[in-house]
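# Observations on the model geometry
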Amino acid sequence: MSEDRFLVLEPGEARPGRVPMPPAFAVKAMTEDTEGRFSLLEVRLERDIPRHTHHVADECVYVLDGDLGVDFDDRSLTVSKGSFVLLPHGVPHALRRASDPPPRVLQISSPGGWECYLADLFEAGPSVLTDGALDPAKINPIAAKYDIHYEVPPKP
């Protein structure tokens, strides 16, 4: 490993980005740190993540604490501390809080870019929310840049 890419973070430390992340998102390895190969975040799932598909990136989730609800394709399950989930690109999935306090996970995206997407999302602020929840129709214009598409539920 090249010395200029060697990285050590102390407990509770995160990589700084162009946009400050909420405390629930701690970037440990940025895409630029790994020459684009992956990004790694420690995430406390405060809000459910609506059903979406990554068209390029595989997503890996390792549960550090709590219970995580995972909807994958046509299945729904709950995984707990010590569990690992691979969410391959091209398959719709959603993540849900299944415990209180919310689950804490390590999330790896390969290739990288996840932290860049989140920075764009947080930069958009409350404009991507409807009644305090993530709104797929409002997220999609931001997500499209990262080859992610959220399913928009039909209007009642």
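Reading the values: rules and limits
Residues numbered from 1 in each chain as written. Predicted model: local features only at pLDDT ≥ 70, side-chain atom pairs only at ≥ 80, totals over all residues. Heavy atoms only, no water. 1 Å grid on protein atoms, 1.4 Å probe; cavity = no way out; pocket = protein on both sides within 12 Å on 5 of 7 lines; lining within 4 Å. Points joined across faces, edges and corners; volume = space filled by probe spheres on them. Nonpolar A, V, L, I, M, F, W, Y, C, P; charged D, E, K, R; others polar. Helix = DSSP H or I, 4+ residues; strand = E, 2+ residues; numbered from the N terminus. Buried < 20%, exposed > 50% of the residue type's maximum accessible area, 1.4 Å probe, protein only. Polar contact = N/O pair within 3.5 Å; in protein donor to acceptor, adjacent residues only side chain to side chain. Contact = heavy atoms within 4.5 Å. Core = buried A, V, L, I, M, F, W, Y, C linked by side-chain atoms within 4.5 Å. Salt bridge = Lys/Arg side-chain N within 4 Å of Asp/Glu carboxyl O.

Looking now at empty space enclosed by the protein. On inspection of all chains with the given rule, the structure shows one cavity of 30 Å³ or more. Taken together, Val-43, Leu-45, Ile-49, Leu-68, Leu-95, Val-105 and Gln-107 make up the full set of residues lining the largest cavity. In terms of residue class, the lining of the largest cavity is built from six nonpolar, one polar and no charged.

Before going further, it helps to spend a moment on the side chain of Ser-39. Within the element layout of this structure, Ser-39 appears in strand β2 (residues 39-44). The exposure class assigned to Ser-39 is buried, which follows from its relative accessible area of 0%. Of the polar contacts made by the side chain of Ser-39, one reaches the side chain of Glu-115; its length is 3.4 Å. Apart from residues lying up to four places away in sequence, Ser-39 is in contact with Ala-29, Met-30, Thr-31, Gln-107, Ile-108, Ser-109, Gly-112, Gly-113, Trp-114 and Glu-115.

What follows covers unusual backbone geometry. A cis amide bond, omega 10 degrees, links Asp-100 with the succeeding residue Pro-101. On the secondary structure map, Pro-101 appears in the loop between β8 (93-97) and β9 (104-110). Between Ser-110 and the following residue, Pro-111, the backbone shows a cis peptide bond with an omega angle of 0 degrees. Residue position: Pro-111 is located in the loop between β9 and α1 (114-124). A positive phi is found at Asp-147, a non-glycine position, where the angle reads about 60 degrees. Within the secondary structure layout, Asp-147 lies in the loop between α2 (136-143) and β12 (148-150). For Asp-147, a relative accessible area of 38% translates into the label partly exposed.

This next bit is on the nonpolar core. In terms of nonpolar packing, the biggest core is built from 28 residues, with Leu-68, Val-70 and Tyr-117 touching the most fellow members. A per-element tally of this core places α1 first, with four residues. Not counting the four nearest positions on each side in its chain, Val-70 is found in contact with Arg-75, Ser-76, Leu-77, Val-79, Val-85, Leu-87, Ala-94, Leu-95 and Arg-96.

Take the pattern of salt bridges next. According to the stated counting rule, one finds 14 salt bridges in the structure shown. Its salt-bridge partner being Asp-65, residue Arg-104 comes within 2.5 Å of it at the nearest N-O pair. Of the two residues, Arg-104 sits in strand β9 while Asp-65 sits in strand β4 (residues 58-65), which places them 39 residues apart along the sequence. Relative accessible area serves as the criterion here: at 29%, Asp-65 is assigned to the partly exposed category. Arg-96 is the salt-bridge partner of Asp-71, the closest N and O atoms lying 3.1 Å from each other. Pair noted here: Asp-71 is in strand β5 (residues 67-72) and Arg-96 is in strand β8, with a separation of 25 residues, a long-range link.

So yeah, pure geometry; function would need other evidence.
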